[in-house]
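# Architecture at a glance
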Amino acid sequence: MIKTVIFDMGGVIITLDENEAGKRFIELGMKEFAEKMDPYKQVGLNGQLEEGKISEEEYRREVCKKIGREVTFEELQHCWLGYMKEIPERNLVTLRNLKKQGYRLILLSNTNPYVSAWVDSEVFSADGHPIGDYFDAMYRSYEVKYMKPDENFFRYVLSQEKIMPEECLFIDDGPRNCCAASELGLFTYCPQNGEDWCDKIYEHLK
């Protein structure tokens, strides 16, 4: 029986724009970032940020060095938020309903402090709620020092939550991430980026 539902953020809760962030980094003067950006797993300096190997401030200073001028937190956040296309209201309604129905909801995301500052604020949802209001627990790559599809990320969450993999449904739009979770015994559902999963999820919860 499924007791816990584990959600990816970008591509599931939030519909991703796979091109806009790259365009914004190019405008900032970071063409090399745009050429290597991947909404599923970042590499290079961006990967170090999302895996928690460097802090937000260390990241900002490195970008300043690369482009030869001072760059603010807000400028970098604007670039990262290019990934965020929309937050369908139906997704948030479904999260609320799942909690009412007794499921424990967990967020498991490859992300960074720039995106988190936005989703953790009241501007995240139309009615003024941060993303944390929709979940019982949140695990983010830069905080736990792991990135999907590293199986250690999933093992860490299972250990912290004291839950059995066969009692979990993991939802992620990245096939590699779902494969990694499946190999550990979690049930998985892999909708496409932006797909309406709100009714289909119940087929996986039976």
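Below: a short report on this structure.

This part covers the sheet that holds strand β7 (residues 187–189). The strand order across the open sheet formed by five strands is β5-β4-β1-β6-β7, and the pairing between neighbours is parallel. Two strands lie at the open edges of the sheet, namely β5 (137–140) and β7, each paired on one side alone. On average, each strand axis in the sheet is inclined to that of its neighbour by 20°, with strand direction left out of account. One ladder, built from four bridges, connects strand β1 (residues 4–7) with strand β4 (residues 104–109); its direction is parallel. Looking at the pairing, Ile6 lines up with Ile106 of β4.

Another aspect to go through is the packing of helix α4 (residues 56–67) against helix α5 (residues 73–80). Two elements in contact, α4 and α5, have axes separated by 11 Å at closest approach and are oriented at 90°. Compared by their axis directions, α4 and α5 come out roughly perpendicular. Here α4 contributes Glu56, Tyr59, Arg60 and Val63 to the contact with α5, which in turn contributes Phe73, Leu76 and Trp80. Among the residues making up the contact of α4 with α5, the classes are represented as five nonpolar, no polar and two charged.

This brings us to the pattern of salt bridges. Taken as a whole and assessed by the stated rule, the structure comprises 17 salt bridges. Two residues, Glu75 and Arg69, come together in a salt bridge whose shortest N-O distance is 3.5 Å. According to the relative accessible area criterion, Arg69 is partly exposed, its value standing at 37%. Ionic pairing is found between Asp136 and Lys99, a salt bridge with its closest N-O pair at 3.8 Å. Taken as a pair, Asp136 in the loop between α7 (113–119) and β5 and Lys99 in helix α6 (residues 89–100) lie far apart in primary sequence, 37 residues in all. We classify Asp136 as partly exposed; its relative accessible area is 35%. Taken together, the salt bridges that share partners define one network made up of Glu57, Arg60, Arg61 and Glu70.

With that settled, the discussion passes to the pairing of strand β6 (residues 168–171). Of the two faces of β6, both are covered, the one formed by Cys168 and Phe170 as well as the one formed by Leu169 and Ile171. Examined bridge by bridge, β1 and β6 share four bridges and lie parallel to one another. When the bridges of β6 are listed, Ile6 appears paired with Phe170. Sheet analysis places β6 next to β7, joined by three bridges and oriented parallel. Bridge pairing in β7 links Ile171 to Tyr189. The parallel pair β6 and β7 is bridged by helix α10 (residues 175–183), and the resulting crossover is right-handed.

About the criteria used
- Residues numbered from 1 in each chain as written.
- Predicted model: local features only at pLDDT ≥ 70, side-chain atom pairs only at ≥ 80, totals over all residues.
- Heavy atoms only, no water.
- Pairing = 2+ DSSP bridges.
- Helix = DSSP H or I, 4+ residues; strand = E, 2+ residues; numbered from the N terminus.
- Axes fitted to C-alpha atoms, helices over the stretch in contact; angles between N-to-C directions.
- Parallel < 35°, antiparallel > 145°, perpendicular 65-115°, else oblique.
- Contact = heavy atoms within 4.5 Å.
- Nonpolar A, V, L, I, M, F, W, Y, C, P; charged D, E, K, R; others polar.
- Salt bridge = Lys/Arg side-chain N within 4 Å of Asp/Glu carboxyl O.
- Buried < 20%, exposed > 50% of the residue type's maximum accessible area, 1.4 Å probe, protein only.
- Right-handed = clockwise from strand over helix to strand, strands pointing away.

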